[in-house]
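What the coordinates show
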Amino acid sequence: MLRLPSSICRRALRGGTLTSGSTPEFWGRANPHGPCLPPTSAFHTHLNLHNSVPDLPDFNTSVDIHEHKLARPVKPTQSTTNAQLQKKKERVKLKMAKMDSLIPETLREMEKDEEFKITAQKLKEMGQAKLTREERKKKQRALDHLGIPSFRDFLKRFHHEETGEKCNSLLRKIEIEILQLNIGLHCNQACNHCHVESSPRRKEMMDRETAEKCMAILESSPSVHTLDLTGGAPELCSQFRYLASEGRRMGREVIDRCNLTALLEPGQEDTAEFLAKNGITVIASLPCYSAKNVNIQRGSQVFQRSMVALQTLNDLGYGHPDSGLEIHLVYNPLGAFLPPPQGPLEQKYKEELDEAFGIKFNNLYTITNIPVKRFTDFLVRRNELEGYMDMLVRNFNPAAVEGLMCRNTINVGWDGRIFDCDLNQQLDLQSRRPLNVQTDATSPHPIPSGGKGPSVWDISTAADVIDLGIVTDTHCFGCTAGSGSSCQGATVSL
Ligand code: SF4
Ligand code: SF4
């Protein structure tokens, strides 16, 4: 029988191992760590959404992330290891000129990589929709085996236990501040943790009519201060410059979620200047300051090209105080563990990148690997899915709930469908349909979902979705583990 959260065993929560055997008694199975302490720990005394910081069992990852190792079937090239680059001591100034496209190398790596081949074969046999359903079932089975309720029930029970009140508003849309558009799945990279399944082979892209409709919604939504453009590699999508310029014309902050290497692709020679000229904020993935770890996760040559792109952006003023041009980097763990604390890791990144390459940036965002798409495959093939889900639940942090990005964000897919977040988009979990709006009969587009969920043609302003319930599933435990996780990094400072 499922017990309520006051029976959480503090000792079990502090177990610190990643095995499913450490799952506390609350989740409905025998507790291997002996009797529970009385319900007085900081973890469950209050659901204080602002200040309460639990003593989290697995929030202990070292900030020496260059020492994190991950075995991989294909040995990475030794030609650009950080050790070799560090040996030079003097600052390396790399030149942007004469870079060939990364795409042939990415395709070559995809051909060699067993994991990509297995996924491609399954995709061919089952189709995307069936594969996604299968993925969701696998995670549910892992949680069922651990005796863990759904994310929504978990949150409701926790909230009720802590406050004596029903939880009616935590998982509803509040005022919308961010419009996030995933404008296409095409990418010059094929990273092994990609939650979007992007690669050079993906060709899906937002068309002009959908882009114009998105901008009409933005114009009529004064509460939305940020237009967040993501992908794939958004710069490689045909509507990128139109959307970015329109967003800036309307006075909104525009974010380009940039993989850095896209700026070096043939035909993109003036993209960095375009970004600077339009005052666009760059948020760029760089999962380590070591070449080896970056190349393992994102593909060979990616680290060196990323350094070139960062130096180019720095030369244009990005990352320098008073330039008004901001660049933030994103860290996500190499494997099945939680990110280290954001503040100390940011300091480490700043020292390492400045010393080796003279690179400056504004902030580092740490993001938890959410078990979606390639990262789920990664866990399944290593037999780590159940342990990972267990770790996410055991590190549930009530203080992270208020900052869930799905609460104040509308996420739109390349085809115009609306989701509560980019992760739900990849799992095909559409937002709830607003009751008070009618589909635009003059729309040149039919509802892409076949009427199951809303698209941009169903709303005229972001206010139309306020108070709608948020669609959740097992992957949501990734957003509330440790210091929380969102597209803007940790949601709680620990
Ligand atoms: S993680 Fe980003 S850069 Fe890597 S394949 Fe996916 S979209 Fe492209
Ligand atoms: S994955 Fe995270 S952001 Fe998305 S719906 Fe779940 S809790 Fe919200």
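The structure reproduced in this document is the subject of the present report. Remember, predicted model here, so these are calculated numbers, not experimental data. (Residues numbered from 1 in each chain as written. Chains lettered and ligands numbered in written order. Predicted model: local features only at pLDDT ≥ 70, side-chain atom pairs only at ≥ 80, totals over all residues.)

1. Some words on the overall build of the protein chain
Spelled out, the test is: By definition, any uninterrupted DSSP run of H or I lasting at least four residues is a helix, any uninterrupted run of E lasting at least two residues is a strand, and each is numbered from the N terminus. Neighbour density around each residue's C-beta defines its exposure: 20 or more other C-beta atoms within 10 Å make it buried, 12 or fewer make it exposed, and counts between make it partly exposed, where C-beta atoms are placed from the backbone. Think of it this way: build a C-beta for each residue from its backbone, and any pair within 7 Å is a contact.
In terms of helices and strands, the protein chain carries 16 helices and 8 strands. The buried share of the protein chain, reckoned over its 494 residues, is 49%. Considering only residue pairs separated by 6 or more positions, the protein chain has 76% of its internal contacts joining residues 24 or more positions apart.

2. Thoughts on helix H7 (residues 151-163)
A turn of α-helix holds 3.6 residues, and therefore any two residues three or four places apart point the same way. Quick reminder of the rule: One less than the number of residues in a helix, times 1.5 Å, gives the span that helix is expected to have. This arc corresponds to the set of directions leading from the helix axis out to the C-beta atoms.
Between its first and last C-alpha, H7 extends 18 Å over 13 residues, near the 18 Å set by a 1.5 Å rise per residue. Looking only at H7, the buried set comprises Phe151, Phe154, Leu155, Phe158 and His159. The buried residues of H7 occupy an angular sector of 120° when the element is viewed end-on, so they sit on one face.

3. Description of the packing of helix H11 (residues 291-298) against helix H12 (residues 302-315)
Quick reminder of the rule: To define axes, lines are fitted to C-alpha atoms, for helices over the stretch in contact only, and angles between the resulting N-to-C directions are given on a 0 to 180 degree scale. Just so you know how the angles are binned, under 35 degrees is roughly parallel, over 145 roughly antiparallel, 65 to 115 roughly perpendicular, and the rest oblique. Ten residues, namely Ala, Val, Leu, Ile, Met, Phe, Trp, Tyr, Cys and Pro, are considered nonpolar, four, namely Asp, Glu, Lys and Arg, are considered charged, and the remaining ones, Gly among them, are considered polar.
At a closest axis distance of 8 Å, the pairing of H11 and H12 adopts a crossing angle of 110°. The orientation of H11 with respect to H12, classified from their angle, is roughly perpendicular. When H11 is examined against H12, the residues Ala291, Val294, Asn295 and Arg298 are found in contact with a partner set consisting of Val302, Phe303, Gln304 and Ser306. Class assignment for the residues of the contact of H11 with H12 results in 4 nonpolar, 3 polar and 1 charged.

4. Overview of the site of ligand 2
The following threshold applies: By convention here, the C-beta atom is placed from the backbone, and a residue is near a molecule or strand when that atom is within 6 Å of it.
Taken together, Leu404, Met405, Cys406, Asp420, Cys421, Leu423, Asn424, Ile470, Thr472, His475, Cys476 and Cys479 make up all the residues around ligand 2. For the shell around ligand 2, the per-class residue count stands at 8 nonpolar, 3 polar and 1 charged.

5. Focus: the pairing of strand E3 (residues 253-258)
Spelled out, the test is: When DSSP locates at least two bridges between a pair of strands, those strands are taken to pair. Whether a crossover is right-handed comes down to one check: with the strands pointing away from the viewer, does the path from the first strand over the helix to the second run clockwise; if it does, it is right-handed.
Most of E3 is tucked away: 5 of the 6 residues are buried. Alignment of strand E2 (residues 226-230) against E3, held across 4 bridges, turns out to be parallel. When the sheet's bridge partners are listed, Leu227 is paired in E3 with Val254. Bridging between E3 and strand E4 (residues 281-285) involves 4 bridges; their strand directions are parallel. When the sheet's bridge partners are listed, Ile255 is paired in E4 with Thr281. In this fold, E3 hands off to helix H10 (residues 271-277), which returns the chain to E4; that crossover is right-handed.

6. Focus: the environment of Met99
Tracing the sequence through the fold places Met99 in the loop between helix H3 (82-87) and helix H4 (103-112). Since 20 C-beta atoms lie within 10 Å of it, Met99 is described here as buried. Met99 sits 166 residues away from Glu265 along the chain, and the two C-alpha atoms are 7.4 Å apart. In this view, Met99 contacts Leu264 and Arg305; residues no more than four positions away in its chain are not counted.

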